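Results of the structural survey
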Amino acid sequence: MSDKPWGGVFESATDERVEEFTESVSFDRRLYEHDIRGSIAHARMLAEVGVLTADERKQIVSGLTAIGDAIAAGKFPFKRELEDVHMNIERALVERIGDIGRKLHTGRSRNDQVSTDFRLWVRDEIDAIDRRLKGLQHAFLTRTEKDSGVILPGYTHLQRAQPVLANHYWLAYCEKFDRDRQRLADCRKRVNQLPLGTAAMAGTTVPINRELVAKELAFEGLVANSLDSSSDRDFAIEFAFCLSMIATHLSGWAEEWILWATTEFNFIKLPQQFCTGSSIMPQKINPDVLELIRGKTARVDGNLTSLLVLVKSLPLAYNRDLQEDKERVFDSADTVRACLELAAPLVADAELKRESIEARLEDGYLDATTLMEHLIHKGVPQRTAHELIGKLVGAAMKRGERLSDLPVDFFTSAHESLDESVYDVLGVENAVKAFCSTGSTNPAKVEEQIAVWKDRLRD
Ligand code: ARG
């Protein structure tokens, strides 16, 4: 008999190059805990339905537990010729407890086993990433205490647009990461369906009880169709997309703070523990962590693309191509986790440079739109008001002045209803207060939102 668990039909040994080419144990060994959990649940179920005796179940469960301990202690010799983590563990079980171990694989295949393990792993990872996202939201929310009252220029097209509270900025990121968390929670529902029992692709003649296994492993339900389940990787690809979206949000934030940390913007001081220097230019304090958070988005997006291309032409059901999925998903999860781990303390410890921000805050006509709306409130149609204020801004630009510096007759000659009251809405401070719509940067509305977030993020 060949040494391979699938060797019966073979008359010649596997070429060593094939062993090297097809192995996955070098990377799927990180599924070992989930593989053992899944196998223990499977063995208990087999005993429950009478395929194993109680004693056989006991031996299998304690054998698997001991193997798990050996792996955790770094004392398990994974063998490449046994292909993957699943066959390595199964072989070790047989070596430990003898022929009884040969019964464990009854009613299942590696195809449903690998999908089960992977789903368990993704599920744990979703929970771990969710906790880190919450930590990052917390970091933004905590900033709202120290940045209370700070006004920043808001941008569109990276040109000064309208004034906003710094806290409005922080809550904007809380919202983005919240949608990421919602996406993960939604993805988790589809991940959390048990494939075990699909066996290779058509099911099994063994009278297994899938519900029992699902219950033990805390799956919400069973994958309904064995062909679908054997070929499905959308649960993993959806997770990879969620990670891409998180990386994209992180990248946009990182880019913004990289800009803010330039001499040109001079809005923010990054914590030095999160910066690095230059080997030649002594003055440099570089935002490398932010740059790498931005840069690592590329590999996360690359992984998502690889996964989509991987499955795009696969016929039903399992195909070995699917083995290529794990490294991509592992890499995306590891990368995003690492980024989140650094993002939270960086957000918490950075300092807004209030003086530098304030010194130029009245530049850029951030109050022009508020003045236009002031005119609208006087009954002037929007298009007309836009035109009139545009002209006023043009005139102020020529004089090298701000709108609030212009004498009142300037306004009155632009439109008769513009009187002294314009000074109530001009200047960034007034402009910010003038906002009133829900979701706007109006200080009272932002305070309300801070309270909502404090409540939401309460442990
Ligand atoms: N290691 C494989 C994977 O990750 C599982 C192997 C299933 N192999 C097979 N010939 N059916 O997908």
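Given the structure is predicted, the values throughout are model-derived calculations rather than measurements. (Residues numbered from 1 in each chain as written. Predicted model: local features only at pLDDT ≥ 70, side-chain atom pairs only at ≥ 80, totals over all residues. Heavy atoms only, no water.)

On to the overall build of the protein, then. In terms of helices and strands, the protein carries 18 helices and six strands. Here the protein has a C-alpha radius of gyration of 30 Å; the compact-globule value for 459 residues is 23 Å, and the former is much larger. Principal-axis analysis of the C-alpha atoms places the extent of the protein at approximately 100 × 55 × 40 Å. Counting only residues that meet the buried cut, the protein has 48% of its 459 residues in that class. (Helix = DSSP H or I, 4+ residues; strand = E, 2+ residues; numbered from the N terminus. Rg over C-alpha atoms; globule rule 2.2 N^0.38 Å. Buried < 20%, exposed > 50% of the residue type's maximum accessible area, 1.4 Å probe, protein only.)

A few words now on the nonpolar core. Counting 106 residues, the largest nonpolar core has F239, L250, W253, W257 and W260 as the members making the most contacts within it. In terms of residue count, the dominant contributor to this core is helix α10 (residues 234-260) (15 residues). Setting aside its immediate chain neighbours within four residues, W257 contacts R143, W170, I268, L270, L290, L346, V347 and A350. (Core = buried A, V, L, I, M, F, W, Y, C linked by side-chain atoms within 4.5 Å. Contact = heavy atoms within 4.5 Å.)

The next subject is the UniProt feature "domain: Fumarate lyase N-terminal" (unreviewed entry) in the protein. UniProt records the feature "domain: Fumarate lyase N-terminal" (unreviewed entry) at residues 9-302, using the numbering of this structure. Within residues 9-302, the helical portion is 61% and the strand portion 6%, while the C-alpha atoms at the span's ends are 40 Å from each other. (UniProt positions renumbered as here; feature names shortened; annotations may be inferred.)

Overall, the coordinates contain 34 salt bridges when judged by the stated rule. A salt bridge links D459 to K134, with the shortest nitrogen-to-oxygen separation between them at 3.0 Å. Within this pair, whereas D459 is found in the segment after α18 (443-456), its partner K134 is found in helix α6 (residues 110-146), the two being separated by 325 residues in sequence. By relative accessible area, which is 84% here, D459 ends up exposed. By relative accessible area, which is 18% here, K134 ends up buried. (Salt bridge = Lys/Arg side-chain N within 4 Å of Asp/Glu carboxyl O.)

Look at the UniProt record and you will see "domain: Argininosuccinate lyase C-terminal" (unreviewed entry) annotated at residues 365-433. Between the C-alpha atoms that bound residues 365-433 the distance is 16 Å, and the span itself is 59% helix and 0% strand.

To continue, consider the site of the ligand. With respect to spatial proximity, the complete set of residues near the ligand consists of S24, D84, R110, N111, V114, Y318, Q323 and K326. Contact between the ligand and N111: a nitrogen atom at 2.9 Å from a side-chain N or O atom of the residue. Here Y318 contributes a side-chain N or O atom positioned 2.6 Å from an oxygen atom of the ligand. Calculation on the ligand without its partners gives an accessible area of 350 Å², and the protein chains cover 85% of this total. Among the elements that line the shell around the ligand, the one with the most residues is α6, at three residues. (Near = heavy atom within 4 Å. Polar contact = N/O pair within 3.5 Å; in protein donor to acceptor, adjacent residues only side chain to side chain. Areas by Shrake-Rupley, 256 points an atom, 1.4 Å probe, with all protein chains shown as cover.)

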